[in-house]
Amino acid sequence: SPHSLAALEAAADMAAYLNAELSGLFIEDINLLNLADLPFIKQVDPFSASLRPIDREHISRQFRMQAKRARKKLEQVANRAHIQWTFRVIRGHVTAEIMAAASEADLVILGKAGWSPTREKRLGTTAQKILSEAPCLTLVLQQGIRLELRVMVLFDKSENAQKALEVAVQILQRKTGQLTVLLPGEDENVLQETHAQINAFLEEYDLTAHYDKITDINVQRLASMVNREKIGVLLLPGSNHLLKEESLQALLKQVEFPVLIVR
């Protein structure tokens, strides 16, 4: 899908400046093959709207064609970025196979939506599952958006928030960029203490940050603030309450920039 191609471009960009390997995964959805075995299943021609039979071999042939196109595109993008790459094709349940692959990866990058016939900016079901449960860093972005080094970290003082800050440092050490730290809360003494702790951490890497405060944090307020800042990528600690299913769906519906979940 167009969103997946955007994810591929972002993956190549990150692999290039983090000196990482890009791994492409094409999954032949076993559910589609199983459907083809049912005698009453028909395919609707997108041009004539006529019905025609569909069988397992037809779907397998389509899988091979799509995998070939995907591999060629990944090769083009990886060669342009001068990075090492691999590509493999597996057959199985899509979400389960992505989760298995995620356990062996440092970062999973997903398109925001798949081949939905609607125009609504909605998170695809596969992406939603991965963002909620993947054991590694997970980035989601949409078509037309490139990953830029204007990084914002929501720092809620959790262990995952510290990891998010460390990821931001890894990204910004490679290239010049801008770091904004968003501090939730109202107690000025606590905020000042957190501010000082983050500054001490960043000094070790010769980095500085701009700080913003957000009170009564919710999806609406967060989306409004980060849209106003025009950031390049938002880093969210995976344990934050904003990543619960309905809140995450609402947040990604309201923002267009990439969101990186850190666990």
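Calculation criteria
- Throughout this document, residue positions are counted from 1 along each chain, in the order its sequence is written.
- Per-residue local features of the predicted model are confined to residues with pLDDT of at least 70, and side-chain atom pairs are confined, for both listing and counting, to 80 or more; whole-chain, interface and lining totals are unaffected and use all residues.
- Note that the side-chain values use all heavy atoms of the structure and ignore hydrogens as well as water.
- Only DSSP runs of H or I covering at least 4 residues are called helices, and only runs of E covering at least 2 are called strands; the numbering of each starts at the N terminus.
- Buried, partly exposed and exposed residues are distinguished by accessible area as a fraction of the type maximum, computed with a 1.4 Å probe on protein chains only: under 20%, between the cut-offs, and over 50%, respectively.
- Contacts are assigned to residue pairs with any non-hydrogen atoms lying within 4.5 Å of each other.
- Charge assignment: positive for Lys and Arg, negative for Asp and Glu; neither His nor the chain ends contribute.
- Throughout, a charge is located at the NZ atom of Lys, the CZ atom of Arg, the CG atom of Asp or the CD atom of Glu.
- Any pair of nitrogen or oxygen atoms within 3.5 Å is treated as a polar contact; in protein, a donor-acceptor pairing is required on top of that, and neighbouring residues in sequence qualify only through side-chain atoms on both sides.
- A fitted line through C-alpha atoms represents every axis, and for helices the fit uses only the stretch in contact; the resulting angles, taken between N-to-C directions, go from 0 to 180 degrees.
- Roughly parallel means an angle under 35 degrees; roughly antiparallel means over 145; roughly perpendicular covers 65 to 115; every other angle is labelled oblique.
- Each crossing gets its hand from how the near helix is turned against the far one by less than a right angle, where anticlockwise is left-handed and clockwise is right-handed.
- In this classification, the charged set is Asp, Glu, Lys and Arg, the nonpolar set is Ala, Val, Leu, Ile, Met, Phe, Trp, Tyr, Cys and Pro, and all remaining amino acids, among them Gly, are polar.
- Nine residue types can take part in a nonpolar core, namely buried Ala, Val, Leu, Ile, Met, Phe, Trp, Tyr and Cys, and a core is a set of them joined through side-chain atoms within 4.5 Å.
- What pLDDT conveys is the predictor's confidence in a given residue, as a value from 0 to 100.

*Asks:* Outline the overall build of the protein, listing residues and values.
*Replies:* Across its full length, the protein holds nine helices and 11 strands. By its C-alpha atoms, the protein is 70 × 40 × 30 Å across when sized along the principal axes. Burial status across the protein gives 45% buried among its 263 residues. Sequence separation of at least 24 residues holds for 74% of the intrachain contacts in the protein that already meet a minimum separation of 6. Here the protein contributes 31 positively and 32 negatively charged side chains, and the mean placements of these two sets differ by 10 Å.

*Asks:* Could you give an account of the environment of His 210, with specific residues and numbers?
*Replies:* Turning to its location among the elements, His 210 is positioned in strand β9 (residues 210-214). For the pair His 210 and Leu 179, spaced 31 residues apart in sequence, the C-alpha separation works out to 6.3 Å. With residues up to four places along the chain from it excluded, the contact list for His 210 reads Leu 179, Thr 180 and Val 181. In this structure the side chain of His 210 is engaged in a polar contact, spanning 3.3 Å, whose partner is the side chain of Asp 212.

*Asks:* Kindly report on the packing of helix α1 (residues 2-18) against helix α3 (residues 56-81), identifying the contributing residues and their values.
*Replies:* Viewed as axis vectors pointing N to C, α1 and α3 meet at an angle of 30°, and their least axial separation amounts to 9 Å. Classified by the angle their axes make, α1 and α3 are roughly parallel. Note on packing geometry: the crossing formed by α1 with α3 is right-handed. In this structure, α1 uses Leu 5, Leu 8, Glu 9, Ala 12 and Ala 16 to contact α3, whose residues at the interface are Lys 73, Leu 74, Val 77, Arg 80 and Ala 81. When grouped by side-chain class, the residues that make up the contact of α1 with α3 number seven nonpolar, no polar and three charged.

*Asks:* Just give me the short version of the environment of Asn 227, but keep the residues and values in it.
*Replies:* Locating Asn 227 in the fold gives a position in helix α8 (residues 219-229). For Asn 227, a relative accessible area of 33% puts it in the partly exposed group. A C-alpha to C-alpha distance of 8.2 Å links Asn 227 and Phe 257, two positions 30 residues apart in sequence. Excluding residues within four positions of it along the chain, Asn 227 makes contact with Gln 254, Val 255 and Phe 257.

*Asks:* Account for the nonpolar core, with residues named and values stated.
*Replies:* Membership of the largest hydrophobic core comes to 42 residues, with the highest contact counts inside it found for Leu 179 and Leu 235. Setting aside its immediate chain neighbours within four residues, Leu 235 contacts Val 151, Met 152, Val 153, Leu 154, Ala 164, Val 167, Ala 168, Leu 260 and Val 262.

*Asks:* How would you sum up the confidence of the model for the protein? Please name residues and give values.
*Replies:* When pLDDT is averaged along the protein, the result is 84; 92% of the residues meet or exceed 70. Per-element confidence in the protein is highest for strand β4 (residues 85-92), whose mean pLDDT is 96, and lowest for helix α9 (residues 245-254), whose mean pLDDT is 76. The low-confidence segment residues 114-119 (pLDDT under 50) makes three contacts with residues lying over four places distant or belonging to another chain.

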